[in-house]
Amino acid sequence: VSRFEGIPMAPPDPILGVSEAFRADTNDVKLNLGVGAYRTEELQPYVLNVVKKVYVLSLMAENLMLERGDNKEYLPIEGLAAFNKATAELLLGADNPAIKEQRIATVQGLSGTGSLRLGAALIERYFPGSKVLISAPTWGNHKNIFNDARVPWSEYRYYDPRTVGLDFEGMIEDIKAAPEGTFVLLHGCAHNPTGIDPTPEQWEKIADVIQQKNHIPFFDVAYQGFASGSLDEDAASVRLFVARGMEVLVAQSYSKNLGLYAERIGAMNVISSSSESATRVKSQLKRLARPMYSNPPVHGARIVANVVGTPVLFDEWKAEMEMMAGRIKNVRQKLYDSISSKDKSGKDWSFILKQIGMFSYTGLNKNQSDNMTNKWHVYMTKDGRISLAGLSLAKCEYLADAIIDSYH
Ligand code: PLP
């Protein structure tokens, strides 16, 4: 008899499990809107041209690689220096005082997830008893990350089902009601799963209450460039908090905006009020990383450092990101047009256009989402979220029929 008899079967991951079910479906009309990964109009995975060019140019011009590409020595615990510099500058803008005054501690992480996990470990170790407030709803893995790091969390109101929009008053009330010094997890842009972001004026008010309550903002920036198409615009929320002189935690990911999903490249940043405390924080982030994974992988870090550090590639990346964000906006518009012209019930579908980024929260409940999958072969998470990045213009009419049928 096995020693592992007492270990029960784990449930499938609610997001990645959708892809498994999709693969098993043999019907040709099937559509996978489960995972937030960018697809072309032909619904194929996309490798960015700039990423391909880094490979080509590094073969042609030996010096282009900031570090020689063929060296597979360990990176330092904190990661590739050229990457850490590039990622902080991309986040805050190269001329940000926090960078000039060396008030930022940046450690390369295992993409967004690993960076969040490192941030959670820092909270667990140095802020015992502190809670993290997360939005209701949020990306499903946030709860897993804080649970496994043994950081207690609770939710603040965010989504309003009546308007399929932001419950701004509820959000502010809940942040205000939290005990002083609470960590508040915020999505930098393109909120997952709702696609609903605060306006710039609302961000100011969120910063006001967080400041009044002495809370610590913890940004998850997984979609920089994907909401508006502009890297700078999508970092505005984080920059606003930093410009107020607040201390801020930021986890970054390059999975979506550079299409480097499998390379696991991202960063954990702590912006502090002094360079001296940033140095101490960085030393502790390294200490936390060492027994978890020792040091991060180099390949994705080299790609990011080369793209951001080479003006011609940086410009091309920006253009490609505009293209990707633009395709999603087109699909969003077409989906709205299709639904609102087909549906005769008088329902207001304009929320689809107000949402931003890869996702649309359709307001479909679990039974309705099941109908989408069982009857229409549309795969999506059970919370009613669809990834528009997995939708093509050609499939909008079909999806509109499926949504209208499932609603009514
Ligand atoms: N944070 C949010 C809100 C996300 O949606 C995702 C990915 O879906 C991530 C973080 C982390 O992704 P990764 O670990 O691939 O960078």
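From a predicted model like this one, the values you see are computed outputs, not experimental measurements.

Chemist: Got a minute to help me understand the environment of Ile328 in this structure?
Modeler: Tracing the chain through its elements places Ile328 in helix H13 (residues 311-342). Along the sequence, Ile328 and Phe359 sit 31 residues apart, while their C-alpha atoms lie 9.2 Å from each other. Discounting chain neighbours no more than four positions away, the residues touching Ile328 are Met358, Leu388 and Ala389.

Chemist: Can you help me understand helix H15 (residues 366-374) in this one?
Modeler: Looking at H15, one finds that the buried residues are Ser369, Met372 and Thr373. The arc that holds the buried residues of H15, viewed along the axis, is 90°, so those residues lie on one side. Set apart from the buried face of H15 by more than 90 degrees, the exposed residues are Asn367 and Asn374. For H15, the elements touching its buried residues are strand E12 (378-379) and helix H16 (396-407).

Chemist: Would you mind going over unusual backbone geometry with me for this structure?
Modeler: Negative phi is the rule for most residues except glycine; trans is the rule for most peptide bonds. Here Ala136 and Pro137 are connected by a cis peptide whose omega angle stands at 0°. Here Pro137 is to be found in the loop between strand E3 (132-136) and helix H6 (140-148). With an omega of 15°, the peptide bond between Asn192 and Pro193 qualifies as cis. As for its position among the elements, Pro193 is in the loop between strand E7 (183-187) and helix H8 (200-212). A positive phi angle is found at Gln102, which is not glycine, with a value near 50°. With respect to the element layout, Gln102 can be found in the loop between helix H4 (97-100) and strand E2 (104-110). Positive phi outside glycine occurs at Asn214, with the angle close to 60°.

The rules behind the values
Residues numbered from 1 in each chain as written. Predicted model: local features only at pLDDT ≥ 70, side-chain atom pairs only at ≥ 80, totals over all residues. Helix = DSSP H or I, 4+ residues; strand = E, 2+ residues; numbered from the N terminus. Contact = placed C-beta atoms within 7 Å. Buried ≥ 20, exposed ≤ 12 C-beta atoms within 10 Å, placed from the backbone. Arc of directions from axis to C-beta.

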